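Residue-level structure breakdown
Residues per chain are reported as follows:
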Amino acid sequence: MVTNKKPGTKKPTAKQSELTVPDLVLLSLLAEEAMHGYQANAELERRQVQDWAGVSRPQVYYSLEKLARLGLIKEAGDPEPALGPERRIFSTTAKGRAALAAALERENWTTQRERPPFLTWMALSWQAAPHVVRKQLQRRKEFLQGELDREEATLRAVEKEVGHRFHEAVWMIKLVIEQFRVELNWLRHVAAELDRRAPAVNPAPMEKDMR
């Protein structure tokens, strides 16, 4: 249950006060509209949060507890202590909005590279049998095509909901669509060149350098 800070309560450590991605997502959501934990989970699922942020249902309730403890969200309306965080309505405080804005200034939002599992598989794929490589490329192609179809449908729904094209959700989905299209085109090139695959002509002399 979310509780207010009481006299004698230990001050949160810097690590405990650090805002995680689930914390920031929830702060942003509650800044739009006050809602309880169950509503927040339902809305994040509707927005397909797992496609763009690693936020699970348990993390939402943990973040509610944490953000309330830090004074970044507050109960909206008459408090009902008997209710758990899934039914108590919260909204983002001015302190919470300031913390969210400060967190969005972090440089690491813009300076990290993803490490997709498929890219790791590609690096190791020379150890796989040729027919396995072709099968995996086909699997990846089918998966991406399915995701592309889903995102294009989502884009149409989002554009209808927001009523215009100049919205962060529209931009996000368009980026994902372009990424899928680029990778699908790249897969076609790889499949066409697969029979010409060969070891490196001038491999780095790692063993010699280590002697």
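Up top is the structure.
Attention in this report is confined to the structure presented alongside it.

About the criteria used
Residues numbered from 1 in each chain as written. Predicted model: local features only at pLDDT ≥ 70, side-chain atom pairs only at ≥ 80, totals over all residues. Heavy atoms only, no water. Salt bridge = Lys/Arg side-chain N within 4 Å of Asp/Glu carboxyl O. Helix = DSSP H or I, 4+ residues; strand = E, 2+ residues; numbered from the N terminus. Buried < 20%, exposed > 50% of the residue type's maximum accessible area, 1.4 Å probe, protein only. Core = buried A, V, L, I, M, F, W, Y, C linked by side-chain atoms within 4.5 Å. Contact = heavy atoms within 4.5 Å. Phe/Tyr/Trp six-rings, centres within 6.5 Å; stacked < 30°, edge-to-face > 60°. Axes fitted to C-alpha atoms, helices over the stretch in contact; angles between N-to-C directions. Parallel < 35°, antiparallel > 145°, perpendicular 65-115°, else oblique. Left-handed = near helix turned anticlockwise from the far one by under 90°. Nonpolar A, V, L, I, M, F, W, Y, C, P; charged D, E, K, R; others polar.

1. Side note on the pattern of salt bridges
Inspection of every chain in the model, using the stated rule, returns 14 salt bridges. Notably, a salt bridge pairs Asp23 with Lys66, separated by 2.6 Å at the nearest N-O pair. Highlighted residues: Asp23 in helix 2 (residues 21-32) and Lys66 in helix 4 (residues 57-69), separated in sequence by 43 residues. We note a salt bridge from Glu43 to Arg46, for which the minimum N-O separation is 2.8 Å. Separated by three residues within a single helix, Glu43 and Arg46 lie in helix 3 (residues 37-46), roughly one turn from each other. The exposure class of Glu43 is buried, given its relative accessible area of 17%. Here the residues in one salt-bridge network are Glu32, Glu43, Arg46, Arg47 and Glu161, joined through shared partners.

2. Considering the nonpolar core
Nonpolar side chains in soluble globular proteins tend to end up buried together. Membership of the largest hydrophobic core comes to 23 residues, with the highest contact counts inside it found for Leu26, Leu27 and Ile73. Counting only elements with at least two residues in this core, the list comes to helix 2, helix 3, helix 4 and helix 5 (94-103). Per-element accounting of this core gives the leading share, six residues, to helix 2. Excluding residues within four positions of it along the chain, Leu27 makes contact with Leu19, Leu67, Leu72, Ile73, Thr92, Gly96 and Leu100. With 16 residues, the next largest nonpolar core counts Phe118, Leu148, Val170 and Ile173 among its residues.

3. Topic: the packing of aromatic side chains
Within the structure shown, the criterion is met by two aromatic pairs. A centroid spacing of 5.2 Å and a plane angle of 20 degrees characterise the contact between Phe118 and Trp121, whose relative ring orientation is stacked. Within this pair, Phe118 and its partner Trp121 are both found in helix 6 (residues 117-124), separated by three residues, close to a single helical turn. According to the relative accessible area criterion, Phe118 is buried, its value standing at 13%. Overall, Trp121 belongs to the buried group, its relative accessible area being 18%. With a centroid separation of 6.2 Å and an interplanar angle of 90 degrees, the aromatic rings of Phe118 and Trp186 are classed as edge-to-face. Of the two residues, Phe118 is situated in helix 6 and Trp186 in helix 8 (residues 168-193); the sequence distance between them amounts to 68 residues. Grouped by ring-pair contacts, the aromatic residues Phe118, Trp121 and Trp186 constitute a single cluster.

4. With respect to the packing of helix 6 against helix 7 (residues 130-162)
At a minimum axis separation of 12 Å, helix 6 and helix 7 run at an interaxial angle of 165 degrees. It follows that helix 6 is roughly antiparallel to helix 7 by the angle criterion. Classified by chirality, the crossing of helix 7 by helix 6 is left-handed. The residues of helix 7 that touch helix 6, namely those facing Phe118, Trp121 and Met122, are Val133, Gln136, Leu137 and Arg140. Considering only residue class, the contact of helix 6 with helix 7 consists of five nonpolar, one polar and one charged.

5. Some words on unusual backbone geometry
The phi angle at Gln48 is positive, at roughly 55 degrees, despite the residue not being glycine. Turning to its location among the elements, Gln48 is positioned in the loop between helix 3 and helix 4. Judged by its relative accessible area of 28%, Gln48 is partly exposed.

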